[in-house]
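As a plain string of letters, each chain reads:
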Amino acid sequence: GQNIDQPTEMTATEGAIVQINCTYQTSGFNGLFWYQQHAGEAPTFLSYNVLDGLEEKGRFSSFLSRSKGYSYLLLKELQMKDSASYLCAVRDHSSASKIIFGSGTRLSIRP
Amino acid sequence: GAGVSQTPSNKVTEKGKYVELRCDPISGHTALYWYRQSLGQGPEFLIYFQGTGAADDSGLPNDRFFAVRPEGSVSTLKIQRTERGDSAVYLCASSQEAGADTQYFGPGTRLTVL
């Protein structure tokens, strides 16, 4: 099975940078996702990493280290609208279509 | 283009009743997924369809839960003899094909069992 750990809550300041960490234990690994979810809304796709390294997409970057079972999501130039939950998810080894989600990190941005 | 839609947006029912939740995926997407999300938790996988067939239903919690996708497009999640513990947001997602990198989520149906 899969086990995914990420902090429950984080707070950051508008204009700053924040890093949200995710660690996972899995019997097999087939890719890691980050999703953003605003309160009461559906999750929206942010990034997908299958190889080690950093993927940059505008203000958001995602890093993966498969040997350490570790990923982080980096958000730069924080805006108030970035207040949301950030979900780390791993593609299940037994089924390429099954994604296992962590509990999410609720990020609050203060002015 | 239109995204994934789900109806109803809210459903309140009494313990023991039967409910149906509907999902309309993005046109042309062959893979469809159902998840359940409780407050403060991430989505929990229930079942996914590739075309008309349920390719993986290992996440369905028990035999009170059943889902169909008879024509390979719209899907219905059916819950019999609802229990208070079934209260959650039920999310549907679709992707172009099974194993695609991106799943697109609908807005969810909030089910409350009294």
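Residues numbered from 1 in each chain as written. Chains lettered and ligands numbered in written order. Predicted model: local features only at pLDDT ≥ 70, side-chain atom pairs only at ≥ 80, totals over all residues. Heavy atoms only, no water.

### Points about the overall build of chain B
Let me state the cut-off plainly: Labels follow the DSSP assignment, with helices taken as runs of H or I lasting at least four residues and strands as runs of E lasting at least two, numbered in each case from the N terminus. Radius of gyration: C-alpha atoms only; globule rule: 2.2 Å multiplied by the number of residues to the exponent 0.38. The rule is simple: take the accessible area with a 1.4 Å probe, protein chains only, and divide by the maximum for that residue type; under 20% is buried, over 50% is exposed, in between is partly exposed. The criterion used for residue contact is that any of the two residues' heavy atoms lie within 4.5 Å.
Regarding its fold elements, chain B presents zero helices and eleven strands. The secondary structure elements of chain B, listed N-terminal to C-terminal, are β-β-β-β-β-β-β-β-β-β-β. Taking 2.2 N^0.38 as the reference for a compact globule, 114 residues should give roughly 13 Å; the C-alpha atoms of chain B span a radius of gyration of 13 Å, in line with that estimate. Within chain B, buried positions represent 46% of all 114 residues. Counted over contacts in chain B with a minimum sequence separation of 6, partners at least 24 positions apart contribute 55%.

### Some remarks on the pattern of salt bridges
All names here are of chain B. Formally: When a carboxyl oxygen of Asp or Glu lies within 4 Å of a side-chain nitrogen of Lys or Arg, that pair is called a salt bridge.
Enumeration according to the criterion identifies eight salt bridges over all chains in this entry. For glutamate 83, the salt bridge identified is with arginine 64, shortest N-O distance 3.5 Å. One end of the pair, glutamate 83, is in the loop between strand S8 (75–79) and strand S9 (88–95); the other, arginine 64, is in the loop between strand S6 (53–56) and strand S7 (65–68), and 19 residues separate them in sequence. Overall, glutamate 83 belongs to the partly exposed group, its relative accessible area being 40%. On the basis of relative accessible area, arginine 64 is assigned to the buried category, the value being 6%. The residue arginine 64 makes a salt bridge to aspartate 86 at a minimum N-O spacing of 2.8 Å.

### Description of the sheet that holds strand S7 (residues 60–65) of chain A
Residues and elements named next belong to chain A. Note the cut-off: For two strands to count as paired, DSSP must find a minimum of two bridges between them. In this analysis, axes come from line fits to C-alpha atoms, helices being fitted only over the stretch in contact, and the angle between any two N-to-C directions falls in the range 0 to 180 degrees.
Spatial ordering of the open sheet is given by S1-S3-S8-S7-S6, a layout of five strands whose pairing is antiparallel. A single partner strand is all that each edge strand has here, and the edge strands are strand S1 (2–5) and strand S6 (53–57). Sheet twist, expressed as the mean angle between neighbouring strand axes with direction ignored, is 15°. Note: S1 against strand S3 (residues 18–26), four bridges, orientation antiparallel. Its bridge partner being in S3, isoleucine 4 is matched across the sheet by tyrosine 24.

### Concerning the pairing of S9(B)
Remark: a regular strand shows side chains that alternate across the two faces of the sheet. Residue and element names in this part refer to chain B. Among the eight residues that make up S9, eight are buried, leaving the element largely enclosed by the rest of the structure. The side-chain alternation of S9 yields two buried faces, one formed by Ala88, Tyr90, Cys92 and Ser94 and the other by Val89, Leu91, Ala93 and Ser95. Bridge analysis of strand S4 (residues 31–37) against S9 gives seven bridges, and the strand direction is antiparallel. By the bridge assignment, tryptophan 34 is partnered in S9 with cysteine 92. Bridge analysis of S9 against strand S11 (residues 109–113) gives three bridges, and the strand direction is antiparallel. Residue pairing for S11: tyrosine 90 is matched across the bridge by threonine 109. When S9 meets strand S10 (residues 104–105), the two strands line up antiparallel, connected through two bridges. Among the inter-strand pairings, alanine 93 is bridged to a residue of S10, identified as phenylalanine 105.

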